[in-house]
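Spelled out, the chains give:
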2 protein chains.
Amino acid sequence: MLFYTEGGGPCHLSSFTQPFYFIDLLPAKNGEEQTMQFLLEVVEILTNYVRKTFDRSTKVLDFHHPHQLLEGMEGFNLELSDQPESLEQILVDCRDTLKYGVRTGHPRFFNQLSTGLDIVGLVGEWLTSTANTNMFTYEIAPVFVLMEQLTLKKMREIVGWPEGEGDGIFSPGGAISNMYSVMIARYKYFPEVKTKGMAAAPRLVLFTSEHSHYSIKKASAALGFGTENLILLKTDERGRVIPADLEAKVIEAKQKGYVPMFVNATAGTTVYGAFDPINEIADICEKYNMWLHVDGAWGGGLLMSRKHRHKLNGVERANSVTWNPHKMMGVPLQCSAILVRERGLLQGCNSMCAGYLFQQDKQYDVAYDTGDKAIQCGRHVDIFKFWLMWKAKGTVGFEQHIDKCLDLSAYLYNKIKNREGYEMVFNGEPQHTNVCFWYLPPSLRGLPDGEERRERLHKVAPKIKAMMMESGTTMVGYQPQGEKVNFFRMVISNPAATRSDIDFLIEEIERFGNDL
Amino acid sequence: MLFYTEGGGPCHLSSFTQPFYFIDLLPAKNGEEQTMQFLLEVVEILTNYVRKTFDRSTKVLDFHHPHQLLEGMEGFNLELSDQPESLEQILVDCRDTLKYGVRTGHPRFFNQLSTGLDIVGLVGEWLTSTANTNMFTYEIAPVFVLMEQLTLKKMREIVGWPEGEGDGIFSPGGAISNMYSVMIARYKYFPEVKTKGMAAAPRLVLFTSEHSHYSIKKASAALGFGTENLILLKTDERGRVIPADLEAKVIEAKQKGYVPMFVNATAGTTVYGAFDPINEIADICEKYNMWLHVDGAWGGGLLMSRKHRHKLNGVERANSVTWNPHKMMGVPLQCSAILVRERGLLQGCNSMCAGYLFQQDKQYDVAYDTGDKAIQCGRHVDIFKFWLMWKAKGTVGFEQHIDKCLDLSAYLYNKIKNREGYEMVFNGEPQHTNVCFWYLPPSLRGLPDGEERRERLHKVAPKIKAMMMESGTTMVGYQPQGEKVNFFRMVISNPAATRSDIDFLIEEIERFGNDL
């Protein structure tokens, strides 16, 4: 039972005569009443926020520059002090934090690959933080460890590995999952690197496409390969790796005496949403004995859709797969899995057998203590929200969500492909929900192709984006790519978005861009 | 306002005639009422859990073996299915998840370095998950990015760096923070490794104590140094590095032609709670031009205490410091900071300048887009709960908490040091809250020192621990260390713990151990 006044309404801290402080909360003696009141008032703030997030008359954000927030907004003071603030003030701080933030769950927030506010996922996170435990041992996270195990197996089945066999772990994001893949590949081919370092291996080279995520490059720097030993592959006009370029570069590397070890194929690139041809890449990996990793951080979700999973054909031939449920599947941040086909590598690569944590003489089956597989020690519980959403939606619920998002992006593509003032960055229907386009204000439409047009067009998207943020009505990303000047990258992963929100985005772009 | 019935009480989903499903929740049309009901019912489950967590008549855990939970406990089915479950069932799943978990906030949970359930921290996590955003850019996390910046500066001031200058980032745990320190050190001395790999550097060696955390070893394996190039330093009987051993091993490494690059000094070792003598180590680091990292994951919190911070004397001479507020400062998991004295290294080491995320033509000061400093791309918001707790407690509140925990551990130490049946693992008052001891059942007390006694004593702690877990009354860790057989490691970071809980732990150890 929550705490209520006799009248039945929730009791407010402010209705008491003296101010309360954190020392009045549990575990304080007789702290239960104030604790329940305090929690209830916070919940009121949060539920109001949730309600308004889905209300299209609410702004997506109330933009302020860093210096404005740092100077203090109407009493919202970010500075930390020596003395405690009252709980009343803490509630105000909570309200202000939300007020000056960005509503990533708003139906018109399209700025990132992770959008939306799934209510069941949210509930999962609330419970996770209340349980406040750590994934390293079964001892202190028995239920969560088993949920992780079952969910990873289910994901491996969906990838297509027989009986869902293999291994995996949830990690703090796709970049770390991709880093795992490189580490495990190195351990598979050159296990002595674990003890002797990179000096024990020949010069190893890695391959990934020009359009792939920058985390592959981060991993090659961090793990001691060096970014120069990451060879970038050419793509077609749609951003998909050209397999012949991979083979040519593998041969070239071998001729130089280097050892081609690892290929990353992206399933859903960050900007274009392109799916590399996995089967053709897998053929080359098999021919030259290289590890095949599929970075499905963004596109992995499509495996849940019978209609769209063919875009990842061949994924079952991968040695490892990154798949972020926190992107296309709408799971709250963070939730990323690295899946590995061969059992034992993850453990072999990372285990250090810490005696204080992974005692072998516990009373339960210590095979469930999965912490030594990780590069982390403590590990946040990222599984519960995902497991709970899966329970609540079923596999079919994820499928419906994904199909709907792809339908919406097709709607956007069809709406603008021939619309005056729009140019598509690449031709043809997008493979994922990424729709990449330029908006040309009327003043640019007559200009001949050339440097002036390029320079002016390059500035259009940032200007429109800035106006969007100032007005707070919607948010969408932009970037240049290779020689292409700034263009909008629209992505749809938000379950709250509808056709009318897509229409609204286009109206806003035209409203802000018309006079540029 | 939450949703209430006309009578004023909360309305239950079960009081409706038809079952509700996730598709009835927001963003569903007219989904607001069910959403508010659902959230309120979850909050009721969570607040009940919170209340019971602080009630000593509640068990710490209700232990079941993996196979028992996997077989399904009284209708609690972990398997995922194709079709959705009703929201009623989702609520049951939430209750069951908590029921079969471990109450890490319970006043008698002493099993890990991270214990306790801070109410303000909990509220911070609830808000964080409701805001559901990502730390990589100011654009979508303006308030959180600034909070992180201010808090890191404050932490650097407390470390003792002039004006709080330097750099830092919150990472997913101390192991990753320690990994950052090794990466940054390498970048400082051999920046070309970023592009050319480890082949561009001579044979580099790292130093850390035999008692240090295994994450240093994990980092040396992952980053391509190799665990053989991590040289373990001898410690005194209290687990503190012997500086002369460091210098001898540095000289030896140099004579072999290796390059000593990095020294980790631990401030608060995992098992003994030992503080390495930082000043003496810093002298050697300066003399031989090595990076000094202080792993204060566990002991960093003592910097908040005027009484205890002297144990980290010299920390201001470190080049980098790991400090986990989620341990000694009671912040919910995860919250770990890596602090770096020299500005620019973190960025230089990790930046890859991804155009789609870190556009330089944004309308705000992009120096606040901190994502490119990280090895992650997306990064969970770990700062808010910590910031909010600091607001609510003030610096003095953390100090009081830390002093209280150390007082309690002194109480335990004094209680058992001469008590019959107890042997301390090392002599003298512990430096941190770690109290390490053997309990000898009466049947072992007369045995002469020797193999039989060792073998039997080795089994005592695991047996007592198993009985504790089966009965669910309390939890404490044990492990061997070097040649020392299994002993209990008691640690106190839980703000709910009192002397009576310490007394209770001892009673339980004796109750379970008496007849062994």
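From a predicted model like this one, the values you see are computed outputs, not experimental measurements.

Rules behind the numbers
Residues numbered from 1 in each chain as written. Chains lettered and ligands numbered in written order. Predicted model: local features only at pLDDT ≥ 70, side-chain atom pairs only at ≥ 80, totals over all residues. Heavy atoms only, no water. Pairing = 2+ DSSP bridges. Helix = DSSP H or I, 4+ residues; strand = E, 2+ residues; numbered from the N terminus. Contact = heavy atoms within 4.5 Å. Axes fitted to C-alpha atoms, helices over the stretch in contact; angles between N-to-C directions. Least-squares fit on C-alpha atoms with pLDDT ≥ 70 in both. Buried area = accessible area lost by both parts, 1.4 Å probe. Salt bridge = Lys/Arg side-chain N within 4 Å of Asp/Glu carboxyl O. Polar contact = N/O pair within 3.5 Å; in protein donor to acceptor, adjacent residues only side chain to side chain. Nonpolar A, V, L, I, M, F, W, Y, C, P; charged D, E, K, R; others polar. pLDDT = per-residue confidence, 0-100.

## Some words on the sheet that holds strand β12 (residues 484–490) of chain B
All names here are of chain B.
Part 1 of the argument: Judged by pairing direction, the sheet is mixed, and its five strands sit side by side in the order β1-β11-β12-β10-β9 without closing on themselves. Edge positions in the sheet fall to β1 (109–110) and β9 (422–424), since each of these pairs with one other strand and no more.
Part 2 of the argument: Across three bridges, the pairing between β9 and strand β10 (residues 435–439) is antiparallel. What sits directly across from Met424, in β10, is Phe437.
Part 3 of the argument: Packing of helix α12 (residues 383–416) onto the sheet brings it into contact with β9, β10 and β12, and relative to β10 it is tilted by some 30°.
Part 4 of the argument: Helix-sheet contacts for helix α15 (residues 499–513) involve β1, β9, β10, β11 (475–481) and β12, and the interaxial angle to β10 is about 25°.

## A few points about the relation of the copies chain A and chain B
Part 1 of the argument: Relative to chain B, chain A is turned by 180° and slid 0.0 Å along the rotation axis, the superposed coordinates differing by an RMSD of 0.0 Å. Seen this way, the second copy is the image of the first under a two-fold rotation axis.
Part 2 of the argument: Both copies contact each other with a shared surface, as 100% of the interface residues of chain A are interface residues in chain B too.

## Description of the interface of chain A and chain B
The extent of an interface is frequently quoted as the accessible surface area lost upon association of the parts.
Part 1 of the argument: Chain A puts 158 residues into the contact, and the matching count from chain B is 158 residues.
Part 2 of the argument: For the pair chain A and chain B, the summed buried surface comes to about 14100 Å²; carbon and sulfur atoms form 65% of the total.
Part 3 of the argument: Three residues stand out in chain A for area buried against chain B, namely Leu80, Tyr214 and Lys391 of chain A, and they jointly supply 6% of the buried area on that side.
Part 4 of the argument: In this structure, the salt-bridge partner of Lys391 of chain A is Glu85 of chain B, at a minimum N-O distance of 3.3 Å.
Part 5 of the argument: Taken together, chain A and chain B are joined by 67 residue pairs in polar contact (both at pLDDT 80 or more).
Part 6 of the argument: The greatest single-element share of the side of chain A that touches chain B, amounting to 15 residues, is contributed by helix α1 (residues 32–53) of chain A.
Part 7 of the argument: For the side of chain A that touches chain B, the class distribution of residues is 89 nonpolar, 45 polar and 24 charged.

## A few points about the confidence of the model for chain A
Part 1 of the argument: On average, residues of chain A score 96 in pLDDT, and 97% of them reach the 70 mark or higher.
Part 2 of the argument: Residue range residues 1–8 of chain A is modelled with pLDDT below 50. Its contacts to residues more than four positions away, or to other chains, number 21 contacts.

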